[in-house]
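Residue-level structure breakdown
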Amino acid sequence: MSPGNGWEWSLLPYSVIQQEKWMQRLHLFFVLQNWSGSLIVASLTGAFGSSFLYGYNLSVVNAPAGYIKKFYNETWERRYGFSVDEGTLTLLWSITVSIFAIGGLVGAIIVTPIVKFFGRKCTLVLNNVFAVAAALLMSLSLLAGSFEMLILGRIIMGVDAGISLSALPMYLSEISPKEIRGSLGQVTAIFICIGVFIGQVLGLPEIFGQESRWPFLFGAIIVPSLIQVVILPFLPESPRYLLLEKHNRRKAEKAFQRFLGKEDVSREIEEVLAESRAQRNTKLVSVVQLLRTRAVRWQILTVVVTMGCYQLCGLNAIWYYTNNIFSESGIDGETIPYVTLSTGAVETLAAVSSGLVIERLGRRPLLIGGFGLMIVFFAVLTVSLTLQNTVHWLPYLSIFCILAIIASFCIGPGGIPFVLTGELFQQSQRPAAFMIAGTVNWLCNFAVGLLFPFIQAGLQTYCFLVFAGVCFAGAAYLFFVLPETKNKTFHEISQAFAKRNKETLEMQEMNHYPGERKPSEEQESNFTSSVDNGETVKGIV
């Protein structure tokens, strides 16, 4: 080798590293360019009044549980002259906790006609009626001496959560550029984690975790709702909804301009219309129609699997064991609420980290990797819990495993299912798809709450092996079925599934609701003419 060649070879690694650094900076610059002020405000405001409240209501009942049970007993005794028996009290408390999921199921079922009629943004705004009503019922239950008000408030709050967990991801997926659609979609998961953490903080004894103050924990729900009601109406509706469902190109262009922060949005308009032309039918479909459509059968199955694993992967079991494991580790009982905050903090940090890297790593690696890490840590946790009375340091290993499982869940399985539901379906199919996803989500949520005590009683610490099996099944399915969706248009994602569904895109067009399909000439005319405030606008295509 000549000296010159040797010198050039020695510089090659440095130059490659420098090129990579410049590429990363360039990528970051273009990503940041896509984040307009309106887009940021819409995502934060939408999530604060929606997914934040879902997370908050998951954790808010834990701290005052003892005080609420005491309130139930005192109310019962005042009415009937004797104390409630332990079985009835346990039943009342179980209903209070689990009925939130029943309300969520109702919300998921009714969300499709609501978002169709009112739109995505208006649905989020109107949904706050449920949140405010629930907050008033729950916060005033102690003053009124009625535990029925608390239970009714929980089911109404569940309806709010069921609607928001479908409407919010739908809204975010439709207002974001494809380059940051995953990051923006992760806002849903991030605010769920923040809600859980804030619920833990407000439940501390120094704040509202006292017998006389626990109603304020539920009254605080009004604050995010009011903030959303004040800010969100001044932001645009989903431009895809305005263009494809309301056929209002003028408002759609203005919405795109505000969300993207630029004047020329012709490329984005054409992308939406290209999807519409490929689909040849922008009429919203029902759940039954969607389930009967062969062209989306693998998309539906993917959403069902990811949403099912989201609830059945064992995170609820982790929350159940947390206090017990902390106690076994020698942590004082009065200190445990403060240590538990670490779980909420880890959850939030992991979700934020996932949002920062999802557009570089993609959905597939984060989902499959998250489930894979959960399998490993579930196995280690099972061993450490089984043997923790024989080795003095094993309880600390259990604590580490708990935090690691929470982090593994939040980097992928905790938020990406909501992103995927918005990405895998065309505009006319999306509301029905979110209804299916929400139904699976809430049914699995209710099933876990109902069956986990029996699983835990029968298997003890080995119950985590069941959840490891669920994670393995989910990871295996996603590895073989799920294509990468980052930086792809909705039309390109449909193309990726076309081969697996054994249909070409032309076949998809022909098989979509054949009884309702219009002649080709009439369909094309729908894309070249739309009514905008009484005026006919020509030349869209």
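If you're wondering where the values come from, they're calculated on a predicted model, not measured in any experiment. (Residues numbered from 1 in each chain as written. Predicted model: local features only at pLDDT ≥ 70, side-chain atom pairs only at ≥ 80, totals over all residues. Heavy atoms only, no water.)

Scanning the protein from terminus to terminus reveals 27 helices and two strands. Total accessible area on the protein stands at roughly 23,500 Å², and carbon and sulfur atoms take up 67% of it. (Helix = DSSP H or I, 4+ residues; strand = E, 2+ residues; numbered from the N terminus. Areas by Shrake-Rupley, 256 points an atom, 1.4 Å probe, with all protein chains shown as cover.)

Our focus in this paragraph is helix 2 (residues 37-48). In this model, helix 2 (twelve residues) spans 16 Å end to end at C-alpha, consistent with the 16 Å of a helix rising 1.5 Å per residue. Buried within helix 2 are the following residues: Ser-38, Leu-39, Ala-42, Ser-43, Thr-45, Gly-46 and Ala-47. Those residues of helix 2 hidden inside the fold are in contact with helix 3 (51-59), helix 9 (147-175), helix 10 (181-202), helix 12 (222-231) and helix 14 (249-260). (Expected span 1.5 Å × (residues − 1). Buried < 20%, exposed > 50% of the residue type's maximum accessible area, 1.4 Å probe, protein only. Contact = heavy atoms within 4.5 Å.)

The next point concerns the packing of aromatic side chains. Aromatic ring pairs are defined here through the distance separating the ring centres and the angle between the ring planes. Going through the model one piece at a time under the given rule, you end up with 22 aromatic pairs. Here the aromatic rings of Phe-52 and Tyr-56 are separated by 6.2 Å at their centres, their planes lie at 15°, and the arrangement is stacked. Remark: Tyr-56 and Phe-52 occur in helix 3; sequence separation between them is four residues, near one turn of the helix. In this structure, Phe-52 and Tyr-56 share a single accessibility class: buried. Aromatic side chains Phe-377 and Phe-400 sit 6.0 Å apart centroid to centroid with 80° between the ring planes, which places their arrangement in the edge-to-face category. Highlighted residues: Phe-377 in helix 20 (residues 363-387) and Phe-400 in helix 21 (residues 394-411), separated in sequence by 23 residues. Overall, the relative accessible area of 18% leaves Phe-377 in the buried class. Judged by its relative accessible area of 48%, Phe-400 falls in the partly exposed class. These aromatic residues form a ring-pair network of at least three members: Phe-71, Tyr-72, Phe-147, Trp-214 and Phe-218. (Phe/Tyr/Trp six-rings, centres within 6.5 Å; stacked < 30°, edge-to-face > 60°.)

Below, the discussion takes up the packing of helix 3 against helix 9. With their axes 8 Å apart at the nearest point, helix 3 and helix 9 run at an angle of 140° to one another. One finds that helix 3 runs oblique with respect to helix 9. Relative to helix 9, helix 3 is oriented so that their crossing is left-handed. Along its contact with helix 3, which presents Ser-51, Leu-53, Tyr-54 and Asn-57, the element helix 9 presents Arg-154, Met-157, Asp-160, Ala-161, Leu-165 and Leu-168. Residue composition of the contact of helix 3 with helix 9, by class: six nonpolar, two polar and two charged. (Axes fitted to C-alpha atoms, helices over the stretch in contact; angles between N-to-C directions. Parallel < 35°, antiparallel > 145°, perpendicular 65-115°, else oblique. Left-handed = near helix turned anticlockwise from the far one by under 90°. Nonpolar A, V, L, I, M, F, W, Y, C, P; charged D, E, K, R; others polar.)

Side-chain pairs of opposite charge can arise whenever the charged atoms involved come near each other. Per the counting criterion, the structure on display carries 14 salt bridges. Between Glu-271 and Arg-267 there is a salt bridge, with its nearest N and O atoms 3.0 Å apart. A residue pair is termed a helical-turn pair when its members lie 3 or 4 positions apart in one helix, as Glu-271 and Arg-267 do in helix 15 (residues 266-279) at four residues. Salt-bridge contacts for Glu-423 lead to Arg-363; the nearest nitrogen and oxygen are separated by 2.5 Å. Of the two residues, Glu-423 is situated in helix 22 (residues 416-423) and Arg-363 in helix 20; the sequence distance between them amounts to 60 residues. This pair shows no difference in class: Glu-423 is buried, exactly as Arg-363 is. (Salt bridge = Lys/Arg side-chain N within 4 Å of Asp/Glu carboxyl O.)

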